[in-house]
Amino acid sequence: MAAQLYKTASGRLFHAGAVAIITVGLPATGKTHVSRSLCRYLKWLGVSTKVFSVGNYRRKLLGQIPNEMFDPRNDDAYDTRLKIAEECLDDMIEWLDRGGGQVGIYDGNNITEDRRKEIHDKLVSNDIHVLFIESVCDNPAIILFNIRSVKISSPDYVGWDPEEAVADYTHRIEQCALTYKTITELSFPFVKLMNAGEKLIVNNVHGYLQSRIVYYLMNLHNRPRTIYFARAGESTNPRTFKVDANLSEEGRQYAQRLKKFVLAYRKKKRSFNSSDEKERPLTVWTSTQKKVKETGFPFIEEELIVRQHSVLNQLNPGEVDGLTLDEIKKKFPEEVERAKKDPYRHRYPRAESYHDLAVRLESVIMELEREKNDVLIIAHDSILRCLYAYLFDRPDSEIPTIPMPRSSLIEIMPTAYGCKESRIEIIDV
């Protein structure tokens, strides 16, 4: 709930009431990626959101099951799967009605017209707004990538040979395709995502929160990429914000070391990469503050694109700028006590809080979701903490204390089920 603008007695925001998002589509078309990413974004906005995965319910109750369970001609198997899906749906309705939730994401295939109508009517009868999100994919390369990168590592295929798992899952898709019907009911509010975000079709979508969801989906893709975080080098006047100081000699040495290390590290990783994946360009983002811009200058010498974003400027400390901790305690004793109670939302006189920073960063978050190249973000640790918390769905109470050492390069790899990270010491190469 890092960027929550306000609170209400009910806990629901934007006068939107309860909303159910229903995913639609064949397996391996990106539904889980959409569900998890959207959940993370809405929680960042402060909207109480939860994913209800039909697949997880099935695995919990049945464990690994043979592909015959997905054969549409197997009536007993269909009844079993429908019962599990209904249990998952009922749990979501209960959570939205009595559990303090506002947006429930029902992550399943929901590929027949009859099933979607049943779900729609049941939700509407419980005074829940419905939004269908259909993932449509006619690109075999995207489907195969999704199977290899996500599905064969799922609990359904523990201990399987990778090629046998791919063949088995492909057969599952073929079985589901026998009964799959795309959404054509124009009275339903829906969004169609074509080929993992190449094109969007939006129909009958109303409401502020629903519009925010569509806006987010317009920026979303599931192409592989890597995000790097690095601190800016030390300036000649590191204690003050108002004096926009240049890099110190040590800071300039750090900037050169960072450039050489990042480029050498990426080259080494490519040499160990056995796949045919095309090399992705690296784009560098910095703030407009001098020490941060100058940390990025060595990358310009390597003819890399370096972009400057003013919203990446560090948290403004206000009237405590340049003061030591003892001086702050002496001059603002009451503010220090307030900061201890709520370090995330507290702001010193004429300062920004971490909450203010999180709200300010939304435009960069959207650009980061949209970016298809690899990105190195060079910034102050306050900025990196907020972006890290968004990517890893960390609670706002933890943001002010997330470690961001200057000695480490943080490598982040977004996946369908979340992000993975590595922290690598920046050394001379």
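Scroll up a little and you will see the structure.
The structure reproduced in this document is the subject of the present report. Everything numeric in this text was worked out from a predicted model, so none of it was measured.

1. Re the overall build of the protein
And then number 1: In terms of regular secondary structure, the protein is built from 14 helices and twelve strands.
And then number 2: In terms of principal-axis extent, the alpha carbons of the protein reach across some 75 × 55 × 35 Å.
And then number 3: The 429 residues of the protein split such that 52% are buried.
And then number 4: Relative to all contacts within the protein whose residues are 6 or more apart in sequence, the contacts with residues 24 or more apart total 70%.
And then number 5: Surface summary for the protein: the accessible area is close to 20,700 Å², and the carbon and sulfur share equals 51%.
And then number 6: Treating the 62 positive side-chain charges of the protein as one cloud and the 61 negative ones as another, the clouds have centres 5 Å apart.

2. Section: the sheet that holds strand 6 (residues 199-203)
And then number 1: Here six strands make up an open sheet; going across it, the order is 2-3-1-4-5-6 and the pairing mixed. At either end of the open sheet lies a strand with only one pairing partner, and these are strand 2 (49-53) and strand 6. Within the sheet, the average angular offset between the axes of one strand and its neighbour, ignoring direction, is 15°.

3. A few points about the environment of E87
And then number 1: Turning to its location among the elements, E87 is positioned in helix 3 (residues 75-98).
And then number 2: Spatially, the C-alpha atoms of E87 and E421 are 35 Å apart, while their sequence positions differ by 334 residues.
And then number 3: Non-local contacts of E87, meaning those with residues more than four positions away in its chain, are made with Y57 and L61.

4. Thoughts on helix 4 (residues 113-125)
And then number 1: Its 13 residues place the ends of helix 4 18 Å apart at the C-alpha level, agreeing with the 18 Å of an ideal helix rising 1.5 Å per residue.
And then number 2: Burial in helix 4 covers these residues: R115, R116, I119, H120 and L123. Across the axial projection of helix 4, the buried residues extend over an arc of 130°, all falling on one side. Seen from the open side of helix 4, the exposed residues pointing more than 90 degrees away from its buried face are D114 and S125.
And then number 3: On the buried face of helix 4, the contacting elements are strand 1 (19-24), helix 3, strand 3 (103-107) and strand 4 (129-136).
And then number 4: Residue D127 follows helix 4 closely and has a positive phi angle near 60°.

5. Description of the pairing of strand 10 (residues 374-379)
And then number 1: Of all six residues in strand 10, six are buried; the element is thus mostly enclosed.
And then number 2: Alternating positions in strand 10 separate into two faces, D374, L376 and I378 on one and V375, I377 and A379 on the other, with burial throughout.
And then number 3: Across five bridges, the pairing between strand 7 (residues 227-231) and strand 10 is parallel. Looking at the pairing, F229 lines up with I377 of strand 10.

6. Let's talk about the pairing of strand 2
A regular strand places its side chains so that they alternate between the two faces of the sheet.
And then number 1: In terms of burial, strand 2 is largely enclosed, as four of its five residues are buried.
And then number 2: When strand 2 meets strand 3, the two strands line up parallel, connected through five bridges. Directly across from V51, in strand 3, lies its bridge partner I105.

7. Some points on the nonpolar core
And then number 1: Residues L42, I133, I213, F229, I377 and L387 are the most contacted members of the largest nonpolar core, which totals 56 residues.
And then number 2: Looking at this core element by element, the count peaks at eight residues for helix 14 (residues 381-391).
And then number 3: In this structure, A20, A85, L89 and I119 belong to the second largest nonpolar core, which totals 24 residues.

8. Observations regarding the sheet that holds strand 7
And then number 1: Spatial strand order, 9-8-10-7-11-12: six strands in an open sheet with mixed pairing. In this open sheet, the two strands that pair with only one neighbour each are strand 9 (305-308) and strand 12 (418-425). For this sheet the average axis-to-axis angle between neighbouring strands, irrespective of direction, equals 20°.

9. Points about the environment of I402
And then number 1: Among the secondary structure elements, I402 is positioned in the loop between helix 14 and strand 11 (408-415).
And then number 2: Sequence spacing of I402 and L384 is 18 residues, and the spatial spacing of their C-alpha atoms is 9.1 Å.
And then number 3: If we skip the residues at most four places from it in the chain, I402 touches R385, Y388, A389, R394 and R423.

10. Considering the side chain of N313
And then number 1: With respect to the element layout, N313 can be found in the loop between strand 9 and helix 10 (325-331).
And then number 2: Taking the relative accessible area as the measure of exposure, N313 reaches 18% and is therefore buried.
And then number 3: Looking at N313, its side chain comes within polar contact range of the side chain of S287, at 3.3 Å.
And then number 4: Sequence-distant contacts of N313, defined by excluding residues within four places in its chain, comprise S287, T288, Q289, L357, R360 and I383.

What counts as what
Residues numbered from 1 in each chain as written. Predicted model: local features only at pLDDT ≥ 70, side-chain atom pairs only at ≥ 80, totals over all residues. Heavy atoms only, no water. Helix = DSSP H or I, 4+ residues; strand = E, 2+ residues; numbered from the N terminus. Buried < 20%, exposed > 50% of the residue type's maximum accessible area, 1.4 Å probe, protein only. Contact = heavy atoms within 4.5 Å. Areas by Shrake-Rupley, 256 points an atom, 1.4 Å probe, with all protein chains shown as cover. Lys, Arg positive; Asp, Glu negative; His and termini not counted. Charge placed at Lys NZ, Arg CZ, Asp CG, Glu CD. Pairing = 2+ DSSP bridges. Axes fitted to C-alpha atoms, helices over the stretch in contact; angles between N-to-C directions. Expected span 1.5 Å × (residues − 1). Arc of directions from axis to C-beta. Core = buried A, V, L, I, M, F, W, Y, C linked by side-chain atoms within 4.5 Å. Polar contact = N/O pair within 3.5 Å; in protein donor to acceptor, adjacent residues only side chain to side chain.

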